[in-house]
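Observations on chain architecture
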Amino acid sequence: MHGMTSYFIRRILLVPVTFICITFLVYAVIRQAPGGPIEQAKLQMQAAASEGGGGGGGGMGDTGSLELPQDAIDELKKYYKLDKPTPIGYLIWLGLWPDDTNHDKFSGIVQGNFGISYRHSDPVLSTIVSKFPISIYFGLIAYFASWLICVPLGIQKALRHRSHFDTGTSLVVFVGYSIPGFVAALIMMLLFATSLIGPAWEIFPLGGFRSDNWDDMWAQGEIWWCVKDQVEHTVIPVIAYVMGSFATMTILMKNSLLDNLGSDYVRTAFAKGLPERRVVFIHALRNSMIPLCVNIGQAIGLILAGSFLIEKTCNIPGMGLLGFDSLIGRDYPVIMGILVFGVVIRLTGNIISDMILAVVDPRVRFR
Amino acid sequence: MSDVSETGAAQAGGTDRKKLLEVKNLRTYFDVEGKTAKAVDGVSFHVFANEVFGIVGESGSGKSVTSLSIMRLIPDPPGRIEGGEIWFNGTNLLDMSYAEMRKIRGNEISMIFQEPMTALNPVFTIGFQLKEAIRHHRKGLTKAEVTDRAEEMLTLVGIPDARRRLKNYPHEFSGGMRQRAMIAMALALEPRLLIADEPTTALDVTIQAQILELMLSVREKTGDASILLITHDLAVVAETCDRVAVMYGGKVQEISDVKRLFAEPLHPYTQGLLTSLPRPDKERRKRLQTIPGIVPSIMNMPPGCKFAERCPLRESRCDTIEPELVEVRPDRFARCHLVEPEGVADAQEAQA
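Throughout what follows, the structure given in this document is the object of discussion. (Residues numbered from 1 in each chain as written. Chains lettered and ligands numbered in written order. Predicted model: local features only at pLDDT ≥ 70, side-chain atom pairs only at ≥ 80, totals over all residues. Heavy atoms only, no water.)

All right, on to a nonpolar patch on the surface then. Residue and element names in this part refer to chain A. Nonpolar side chains collect at one region of the surface, where Leu190, Leu196, Ile197, Trp201 and Ile203 lie side by side and expose about 490 Å² of accessible area between them. Note that Ile197 resides in the loop between helix H8 (181-192) and helix H9 (214-219). Using a relative accessible area of 43% as the deciding quantity, one classes Ile197 as partly exposed. (Patch = residues over 30% accessible without salt bridge, like charges linked within 9 Å, V, L, I, M, F, W, Y side chains within 5 Å. Areas by Shrake-Rupley, 256 points an atom, 1.4 Å probe, with all protein chains shown as cover. Salt bridge = Lys/Arg side-chain N within 4 Å of Asp/Glu carboxyl O. Helix = DSSP H or I, 4+ residues; strand = E, 2+ residues; numbered from the N terminus. Buried < 20%, exposed > 50% of the residue type's maximum accessible area, 1.4 Å probe, protein only.)

Here we take up the environment of Ala142 of chain A. All names here are of chain A. With respect to the element layout, Ala142 can be found in helix H6 (residues 124-159). Residue class for Ala142 comes out buried when judged on its relative accessible area of 6%. Ignoring anything within four residues of it in the chain, the contact list for Ala142 reads Val238, Tyr241 and Val242. (Contact = heavy atoms within 4.5 Å.)

For Ser121 of chain A, which is not a glycine, the phi torsion comes out positive at approximately 60°. Along the chain, the position of Ser121 of chain A falls in the loop between helix H5 (86-94) and H6. Under the relative-accessibility criterion, Ser121 of chain A is labelled exposed at 55%. Phi at Asp161 of chain B takes a positive value of approximately 55°, unusual for a residue other than glycine. Classification of Asp161 of chain B by relative accessible area gives partly exposed; the value is 44%.

Residues and elements named next belong to chain B. One open sheet accounts for 8 strands, arranged S6-S7-S8-S3-S9-S10-S12-S11; its pairing is mixed. If you trace the sheet from one side to the other, it starts and ends with strand S6 (109-112) and strand S11 (326-329), each paired once. Recorded for the sheet is a direction-independent mean angle of 25° between the axes of neighbouring strands. As judged from the 6 bridges shared by strand S9 (residues 243-248) and strand S10 (residues 251-257), these two strands associate in the antiparallel manner. For Val246, the partnering residue across the bridge sits in S10 and is Glu254. Lying over the sheet, helix H7 (residues 175-187) contacts S6 and strand S7 (193-197), oriented at roughly 175° with respect to S6. (Pairing = 2+ DSSP bridges. Axes fitted to C-alpha atoms, helices over the stretch in contact; angles between N-to-C directions.)

Contacts between the two partners involve 28 residues from chain B, matched on the other side by 21 residues from chain A. Here chain B meets chain A over a buried area of about 2,200 Å², counting both sides, of which 61% is carbon and sulfur. Summed over the shared surface of chain B and chain A, the result is 2 salt bridges. If you look at where chain B meets chain A, you find 13 residue pairs in polar contact (both at pLDDT 80 or more). (Buried area = accessible area lost by both parts, 1.4 Å probe. Polar contact = N/O pair within 3.5 Å; in protein donor to acceptor, adjacent residues only side chain to side chain.)

So, about helix H8 (residues 205-221) of chain B. Residue and element names in this part refer to chain B. Counted at 1.5 Å a residue, the expected span for H8 with its 17 residues is 24 Å, and the 25 Å between its end C-alpha atoms agrees. Within H8, burial applies to Gln208, Ile211, Leu212, Leu214, Met215, Leu216, Val218 and Arg219. In the stretch just after H8, Gly223 is the one whose phi turns positive, near 90°. (Expected span 1.5 Å × (residues − 1).)

Quick look at the pattern of salt bridges now. Under the counting rule described, the total for this entry stands at 34 salt bridges over all chains. Linked through salt bridges whose partners overlap, the residues forming this network are Glu254, Glu264, Arg329, Arg332 and Glu342 of chain B.

Counting 163 residues, the largest nonpolar core has Leu21, Phe45, Ile70, Leu154 and Leu228 of chain B as the members making the most contacts within it. Residue contributions to this core peak at 14 residues, all from helix H16 (residues 332-360) of chain A. Residues from two domains meet in this core; each of domain 1 (2-118) and domain 2 (132-317) of chain A gives at least three. Beyond its immediate sequence surroundings of up to four residues, Leu21 of chain B is in contact with Phe45, His46, Val47, Ile70, Ile86, Trp87, Phe88, Leu193 and Leu228 of chain B. With 20 residues, the next largest nonpolar core counts Ile134, Ala193, Met243 and Ile316 of chain A among its residues. (Core = buried A, V, L, I, M, F, W, Y, C linked by side-chain atoms within 4.5 Å. Domains from an automatic or database assignment.)

To continue, consider the pairing of S9 of chain B. Side chains on a regular strand alternate between the two faces of the sheet. All names here are of chain B. Of all the 6 residues making up S9, 6 are buried; the element is thus mostly covered by neighbouring parts of the structure. As judged from the 4 bridges shared by strand S3 (residues 52-56) and S9, these two strands associate in the parallel manner. The residue of S9 that forms the bridge with Ile55 is Ala245. Linkage of S9 to S10, two consecutive antiparallel strands, is achieved through a turn of 2 residues, within which Gly249 is found at a positive phi near 60°.

In structure tokens form, the structure reads like this:
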């Protein structure tokens, strides 16, 4: 046990190192990428000017007069820390270098200051934190749903290997596997959220996290209405999420159990006179769960961060959608902020994965 | 059952030793790619109470399938017990319900397997696996009594510091220790029959003898079970068995007591096996003899004698007519056209 503890302590100590490497790399790349805040400001300036000028001058001819003044550019560069070398800018962002635009204070990630969104002028941290519960809500429900569906289904498929049930469900599994989650969401919305196949089938809302008047209804004490509304908004995205992991998890469960059912120790367990239930559900199942548990760490990333494609199609204002919109809008502080959460979640997720693995498989000993 | 039991009594040579296990005309087939592989095809033998009975044969001779058939552990599909009877202590195991069979397994008949590395579940402790069988078959015992019994058994098989060792996982045991734990597990409930399927094959040569000896001595201390020992190793047979059946091509070719088998092998296959054994007592250092050819494919067995293709004494009738297993000496049986019965009143057929 001693070796294991020190292994995990070392793993945890490596988290900040990995964190700095990843975030610095992304910070440096983003600064170099075209379409940054200065160019955006120039474009906005031009757009504003061409609107104001009424189009008389013929646009391109007199761009010279529409240029941002040099001192404004310098001001912007200073504001966005583009006047400093990349490492200094990074250290300021991290909070390990005094920020000359902010009274030479150390104010960055370390101090909990994630900066201000370029687009909305809101603090990044509160923006992200406000989106988190929405993604976690869908992520957790989808994750538990996929375990509740895939594990029993995989077990049944293994126990009834090559039966009609097995073949039939395999068909469903592979059809599900070949349809991306967001496409499935679109199809489901088309079928069950519009009157395409008749008004009676318009069961679910067309995306969104809740109805707009949800908070009012909640305040009025209409709890049942609120629950129903929430459930209705949940069904389609959760199915779309589950479809993403449905095939891999089910087949992994089936194959893993099938392997273990053919193993020598299962024969030993039968030879001891144990009933089949005990052999399958205690002896074989425990071993079969090992590969599934390895995935937990990776799954944490998806649970917390959400899938931006599904959030986009279902119009769910979660982390995925925020990240997507920020990327399109070059909202660097938000992108970096999401990256910080993403990196920390994934790194700890991997460690948690290893810890779970060490618990379920006594042969695994990390050193 | 009637006429075979009478021959059985005759086999025992007047001393009416109790037959614990009697396998009659057992046929276990496997369906492989649309064909039928007759892994075990008409095997008959019996094991007396308190004796060590060996089944010796090459891989593919059907010896392991025979042992798994007795436990009814043949994976189905692709395998199935096509016919025959397995009488254990007065009941036919093949007529038993699944639930009844479970009460026999591990309790009255237990089994040790070849691979101690994989035969134990890697994610449960030795203690858990040892105790669960005891607990399952002895519902009346308290938790403490079960643990005491497990510890006692582990001590008996020579594992020191047993109480602490119960908490170990299989990977914390060496191969020999795992096989010791398997023996402890198999004998914990004092079964009447212990089936040992190549129990020493996967172990280092240096500890093979230890494990065999241990199996015999622990069995003496725990109710004197009969042992059905499956092996490909004639040396192991010579050391441990009272009687032995030689199997080839899914059939028993010869049954004899060990002493007379080694002194005067009757079947040409047995003769071949013995001449391919190294003998330190031989005067000249000769090259070891081998049996020419290979074992016939289980999918495509010859219609006549299964050994004919490789037999030095082969005659034309051997290719077409399969010989019966007959008593050719008092209490000795062979399946060969060329072995003339001697000293047997009437050439009885062992098979019904």
